[in-house]
Amino acid sequence: MSEDGTATTSTDQTAETMSSKEKRKHKVIIVGAGMAGLSSANHLAKNGCTDFLILEGRNRVGGRIVSIDMGSQKIELGANWIHGVLGNPMFELAMQHGLISIINIPKPHKVVAATEDGKQVPFQILQEIYEAYVCFLRRCEEYFLCQYLPPPDIHSVGEHINLEVELYLDGVDCAKEKHLRKLIFDCLLKRETCITGCHSMDEIDLLELGSYTELQGGNIVLPSGYSSILKPLCDNLPNENIVLSCPVRRIHWKRKATRRAGGAAAAGATATILEEDEEEEEGDDGNESDDSDRTVTEVPVGAGGAESTQEERRAGEEAARRIKSSTANVVVECENGAIYEADHVICTLPLGVLKEQAETLFVPALPQYKVESIDSLLFGTVDKIFLEYDRPFLNATISEIMLLWEQQQEEDGEGQEPTDGRARDGQWLKDNWYKKIYSFSKVSDTLLLGWISGREAEYMETLSHEIVAERCTDILRQFLKDPFVPKPKRCVCTSWRKQPFSRGSYTAIAVGASQDDIDNIAHPLYSNPHQSKPSVMFAGEHTHANFYSTVHGAYLSGRTAAQILLTPDSPQEIVMESDSSDLSSWIQGIALD
């Protein structure tokens, strides 16, 4: 384990593993050592399958789980909480390994809300608006759960909540009171973008909001940092089975497609050919696949374009040659030139990476339905700003200060940029990015945390930590009406959009998308219609239709992928293996109020 609590392999071990030519063929290759990849590997190892290799682009495991020390605190740069207790495998794992105490003494939680001129809102008004807001949000979830239709022309969660807010505020006579309540609603909507993982709640499909299943029990923090949960998963994995700092460039998968042997006259006669050979059949428009849902229906050519370097082209040609002559179903080509063969690949790359690379990453290219689903879903940016101080300055009883920003233009909804030239040239973001920070909460007496989402978060990632720290100091001085608020001694900002191995934070269902898109991405690829086990499988939070955006969703998807490979070939016999400590096998499916 490293100092930040993440399980790592030393650089020497990585280099040693990479220079070793002894084993290039494996039963399973797992792409990515985030929670889904580690869960898959752990499940394989526990069930006696150790012929697997994890290829990870970063120099550490854990993916979007990373804790670092800041002062005397462990802070989470990525995943923050275990979401829920009942049926949550992460909670069960944490309990099993003594990472959490069941005795939880709640800290005093006093939220204050202040306007830009430093006036604090009476608590009863804050409570009244929060309760109304939660009611509006629950109403949005009911469209999915109860299968009824929303008002005409209302397609997003943002539109629906703003309609509810309008109706609610119509009942308030005093213009000043109405305005104040509107500011609180706007602040809560900004908060919701950080929870959901989007730029604006106008992007989130109203009919699909309820598809996310919330587990009961609240949000649990691991005292030793979320990264501490990686150790029990890595303890079962031999070091040589994990190759760090090894990004994957291409996944060549063997598949047999069928083509018409003689046009319309011979419509019934088909010949089976290897997909790579199909590219040589110029002028053949009838490259249709088998009708089985196990095969793809459209196969665009996915080889590297003209911009590929000669070295990349040579590596690609070598991998293509290798897959034609190999008995393996998949050949994985890495950025460093290493080539591995496997019977099965479990791809756990985040949705943000798939959005950027899916069309060139797979050869043959992914079927069109998968590409469209990858495009349809949202992979938003949510970043954190940590401010560390030498001494406490906030009132000891206050745990969070909500920032009620004035909106420049009421019609801009949640304070988004206006659709004119200022937005296009970035001037609006430059002037207003910080107004997306909806609150600062206390992690400890000398450590504050601010959240920011969407395009404003992406803009913040381009700024130095010094500039962010200065801006946050100005904000705190203004809203607290205290010119003596100190400057932080240290500021740490996350940059999940900039990170090449995440390209964002987590998945949300955009307007027009649905759970079907998650299922489409999760759908495995087979080399031929008669194959009993898939060649390429997909796992990660973006592949779990009910627990997308969560660590437990990633964990369960990884375990399911491994289980499919472990299940005996006897027909229709899929049995999910379960640890005796794992409540989720029987608790799942029970509706909890």
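Here the structure is a predicted model, which is why all the values come from computation and not from measurement. Residues take numbers from 1 onward in each chain, read along the sequence in its written order. Two thresholds apply to this predicted model, a pLDDT of at least 70 for residue-level local features and 80 or more for giving and counting side-chain atom pairs, whereas whole-chain, interface and lining totals are computed over all residues. Think of the side-chain values as coming from all heavy atoms in the structure, minus any hydrogens and water.

Description of the pairing of strand S19 (residues 447-453)
Argument step 1. Exposed residues in this analysis have more than 50% of their type's maximum accessible area, buried residues have under 20%, and partly exposed residues fall in between, with area computed by a 1.4 Å probe over protein chains only. Only DSSP runs of H or I covering at least 4 residues are called helices, and only runs of E covering at least 2 are called strands; the numbering of each starts at the N terminus. Most of S19 is tucked away, with seven of its seven residues classed as buried.
Argument step 2. Burial of the side chains of S19 extends over both faces: Leu447, Leu449, Trp451 and Ser453 are buried on one face and Leu448, Gly450 and Ile452 on the other.
Argument step 3. When DSSP finds two or more bridges between two strands, those strands count as paired. The pairing of strand S16 (residues 382-388) with S19 spans seven bridges and is antiparallel. Opposite phenylalanine 386, over in S19, you have leucine 449 as the bridge partner.
Argument step 4. As paired strands, strand S18 (residues 439-444) and S19 are joined by four bridges and run antiparallel to one another. Bridge pairing in S19 links serine 441 to leucine 449.
Argument step 5. Counted between consecutive antiparallel strands, the loop separating S18 from S19 contains two residues.

As for the pattern of salt bridges
Argument step 1. Salt bridges are identified by distance alone: a Lys or Arg side-chain nitrogen within 4 Å of an Asp or Glu carboxyl oxygen. All told, the structure shown has 19 salt bridges when counted by the stated rule.
Argument step 2. Residues glutamate 128 and arginine 181 are paired through a salt bridge, measuring 3.2 Å at the closest nitrogen-oxygen approach. Remark: arginine 181 occurs in helix H6 (residues 175-196) and glutamate 128 occurs in helix H4 (residues 123-146); sequence separation between them is 53 residues.
Argument step 3. You can call arginine 181 buried: its relative accessible area is 9%.
Argument step 4. Among the salt bridges present, the one from glutamate 177 reaches arginine 181, with a minimum N-O distance of 2.6 Å. With glutamate 177 and arginine 181 both in helix H6 and four residues apart, this pair spans about one turn of that helix.
Argument step 5. The exposure class of glutamate 177 is partly exposed, given its relative accessible area of 30%.
Argument step 6. Connected via shared salt-bridge partners are Arg249, Arg250, Glu333 and Glu335.

Observations regarding the packing of aromatic side chains
Argument step 1. What counts as a ring pair is set by centres within 6.5 Å for rings of Phe, Tyr and Trp (its six-membered ring), and what kind of pair is set by the plane angle: stacked under 30 degrees, edge-to-face over 60, tilted for all other angles. According to the stated counting rule, one finds eleven aromatic pairs in the structure shown.
Argument step 2. Relative to tyrosine 168, the ring of phenylalanine 136 lies with its centre 6.0 Å away and its plane at 75 degrees, an arrangement referred to as edge-to-face. Taken together, the residues span a long stretch of sequence, with phenylalanine 136 in helix H4 and tyrosine 168 in helix H5 (residues 157-170) at a distance of 32 residues.
Argument step 3. Taking 5.6 Å as the distance between ring centres and 65 degrees as the angle between the ring planes, the aromatic pair formed by tryptophan 405 and tyrosine 434 counts as edge-to-face. Placement of the pair is tryptophan 405 in the loop between strand S17 (400-404) and helix H12 (421-424) and tyrosine 434 in the loop between helix H13 (427-432) and S18, with a sequence separation of 29 residues.

Observations concerning the side chain of histidine 26
Argument step 1. Secondary-structure assignment places histidine 26 in strand S1 (residues 25-31).
Argument step 2. Ignoring anything within four residues of it in the chain, the contact list for histidine 26 reads Asp51, Phe52, Leu53, Tyr340, Glu341, Ala342 and Asp343. The contact criterion used is simple: two residues touch if any of their non-hydrogen atoms lie within 4.5 Å.

Comments concerning the environment of asparagine 520
Argument step 1. With respect to the helices, strands and loops of the structure, asparagine 520 is situated in helix H16 (residues 515-522).
Argument step 2. Between the C-alpha atoms of asparagine 520 and lysine 370, which are 150 residues apart in sequence, the distance is 5.7 Å.

Side note on H4
Because each turn of an α-helix spans 3.6 residues, side chains separated by three or four positions in sequence point in the same direction.
Argument step 1. Each helix should span, by expectation, one fewer than its residue count multiplied by 1.5 Å. Relative to the 34 Å expected for 24 residues at 1.5 Å per residue, H4 spans 34 Å between its end C-alpha atoms, a close match to the ideal helical length.
Argument step 2. For H4, every residue scored as buried is listed here: Ile125, Leu126, Ile129, Ala132, Tyr133, Phe136, Leu137, Cys140, Glu141, Tyr143 and Phe144.
Argument step 3. Looking at the buried side of H4, the elements it contacts are strand S6 (111-115), H5, H6, S17 and H16.
Argument step 4. In the stretch just after H4, glutamine 147 is the one whose phi turns positive, near 60 degrees.

Focus: the state of the cysteines
Argument step 1. The term disulfide is used for any two cysteine sulfur atoms that are within 2.5 Å. As enumerated under the stated definition, the model contains zero disulfides in all.
Argument step 2. You can see cysteine 334 has no disulfide; the closest cysteine sulfur is in cysteine 246, sitting 3.6 Å from it.
Argument step 3. Overall, the relative accessible area of 0% leaves cysteine 334 in the buried class.

Brief notes about the sheet that holds strand S20 (residues 490-493)
Argument step 1. Reading across the sheet, the six strands line up as S6-S17-S18-S19-S16-S20 and stay open at both edges, with mixed pairing between neighbours. The sheet is open, and its two edges are formed by S6 and S20, each paired on a single side. Between one strand axis and the next, the sheet turns by 20 degrees as a mean value, whatever way the strands run.
Argument step 2. Every angle, taken between N-to-C directions, lies between 0 and 180 degrees, and every axis is a line fitted to C-alpha atoms, over only the stretch in contact when it is a helix. Strands in contact with H6 are S6, S16, S17 and S19; relative to S17, the strand with the most contacts, it is inclined by about 115 degrees.

Topic: the confidence of the model for the protein
Argument step 1. Summing up the model confidence of the protein, the mean pLDDT is 84 and the portion of residues at 70 or higher is 79%.
Argument step 2. Known as pLDDT, the predictor's confidence for each residue is given on a scale from 0 to 100. Within the model, pLDDT remains below 50 along residues 577-593, and this stretch shows 20 contacts once partners closer than five positions in the same chain are excluded.

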